[in-house]
Amino acid sequence: MSLQRLFILFLVVFLLSFPCYHSLPGKPNFNNVSKRIDKVGRSLASVKTVSVNHYGAKGDGSDATKAFKKAWKTACSSRGSVLVVPKNKNYLLKPITFEGPCKSSITVQIHGTVRASRDRSAYRNDMTHWLVFENVHNLAVEGGGTINGNGKIWWENSCKVNDSLPCKDAPTALTFYNCKNLVLKNLKIKNAQKMHVSFEKCVGVQALGLKITAPEDSPNTDGIHVTSTQNIRISSSVIGTGDDCISIVNGSRKVLATGITCGPGHGISIGSLGSGNSEAHVSDITVNVATLSGTTNGVRIKTWQGGSGSASNIKFQNIKMHNVDNPIIIDQKYCDQDEPCKSQSRAVQVKNVLYQNIKGTSSSNEAIKLVCSDKFPCREIVFQGIDIQVGGKAAAKAVCNSNNAKVTEKGDVSPSCTT
């Protein structure tokens, strides 16, 4: 054996056994090292790669729904599988549910492009979903490819675009339902029929390295929607759509959004909450490090009159605003309907909210707007290190009623709610 090969062998053994020095007295146990090497080798050998092309998908833009279903069935029933959507290929999919539980952890690598069918009749059994991962645990969806919702046909038929049309549902492009230990990363998701990505009843989620885009005038095309989900981290993502970049609604807690670039769109929103006199709860929400540009709102909490419950323990920190309308807003009288909403005394309680180190420019005169309930006033609202101007020149205004918004200011706060 050559000297070079001996050196490489020695180096591999040394690196694998290095942790033993910190936990075992004396010399490392090389029998244990051998067992670990064998275990790693068996794990690598057991990975099963499943390409959708092997199940009849052509990747030429033709319908590949059946092939994807067959490939998923094989991957899900195998141990440690990787389902591959090849690069430089284009796959048309009708609505499809990738259902678990699977035999073990599973990875979906989307290297090519997946496009939604433009045939609206294909959604007649379910008008609200296109791609769904349901009851799948230890799932990773990644690969650098593109998911295209082909949403234009749906936008054109929306009552928000043409008020002469009846209001109907449209599909969410990518839904994760009841998934645990989920990673969604390094994908481009564009032109959703309605919402782009929805996490519903999930636990333990990492969403990172996403680029989510749709035209500014596309209706209801939220970037990332979080509902009834716990322990989720959304990071290092660029989102620009026709609605909220991120929306966080009822049943969600321990949510962190960091490293977010948002715009165009409606900003980063908690809510809406309490519609139809319902009870809603969100808590432990943090937005830390974000840049918002040209959005119709900045960081927003919105609740309907007549609702109940609470939105609490919320932090908006280290945020830059560029030409943002309504940079900071709490609206407990939110109303998204044609006819005026009737005045009601009940409201979702908004409390313990921190706005810290938020700077930039507003496209409206009112940089801070707190529209709070008379019976359930906003409580424990803290502003610290706020500096927002109109166009970078004129002083902005803060609209805050001290009777229904209990505000504390720390350090420099401009505009101020207390002066």
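What comes next concerns the included structure. (Residues numbered from 1 in each chain as written. Predicted model: local features only at pLDDT ≥ 70, side-chain atom pairs only at ≥ 80, totals over all residues. Heavy atoms only, no water.)

Points about the overall build of the chain
The helix and strand tally for the chain stands at five helices and 31 strands. Buried positions account for 47% of the 419 residues belonging to the chain. In the chain, the share of contacts with a sequence separation of at least 24, taken over all contacts with a separation of at least 6, comes to 76%. By element, 49% of the accessible surface of the chain is carried by carbon and sulfur atoms, the whole surface being about 20100 Å². (Helix = DSSP H or I, 4+ residues; strand = E, 2+ residues; numbered from the N terminus. Buried < 20%, exposed > 50% of the residue type's maximum accessible area, 1.4 Å probe, protein only. Contact = heavy atoms within 4.5 Å. Areas by Shrake-Rupley, 256 points an atom, 1.4 Å probe, with all protein chains shown as cover.)

Remarks on the state of the cysteines
According to the stated counting rule, one finds six disulfides in the structure shown. Here C245 is linked by a disulfide to C262, with a sulfur-sulfur distance of 2.1 Å. One quick way to see it: the torsion about the S-S bond of C245 and C262 is about 85°, and its sign makes the bridge right-handed. With C245 in the loop between β18 (230-240) and β19 (246-248) and C262 in strand β20 (residues 253-262), this pair connects stretches of sequence that are 17 residues apart. For the residue pair C245 and C262, the accessibility class agrees, reading buried in each case. Disulfide partner of C400: C417, at an S-S distance of 1.8 Å. In this structure, the disulfide formed by C400 and C417 twists by about -45° around the S-S bond and is classed as left-handed. Note that C400 is positioned in strand β30 (residues 397-400) and C417 in the segment after β31 (405-414), a separation of 17 residues in sequence. A single burial state applies to C400 and to C417, both of which are buried. The connectivity of the disulfides in the chain is 1-2, 3-4, 5-6, 7-8, 9-10, 11-12, where the numbers refer to bonded cysteines in sequence order. (Disulfide = S-S within 2.5 Å.)

A closer look at the sheet that holds strand β21 (residues 268-273)
Spatially, the eleven strands line up as an open sheet ordered β5-β8-β11-β14-β17-β19-β21-β23-β25-β27-β30, and their pairing is parallel. The open sheet is flanked by β5 (96-99) and β30, the only strands paired with a single partner. Strand-to-strand twist of the sheet, defined as the mean angle between neighbouring strand axes without regard to direction, takes the value 15°. As paired elements, strand β23 (residues 299-304) and strand β25 (residues 328-334) share five bridges and run parallel to each other. By the bridge assignment, I301 is partnered in β25 with I330. (Pairing = 2+ DSSP bridges. Axes fitted to C-alpha atoms, helices over the stretch in contact; angles between N-to-C directions.)

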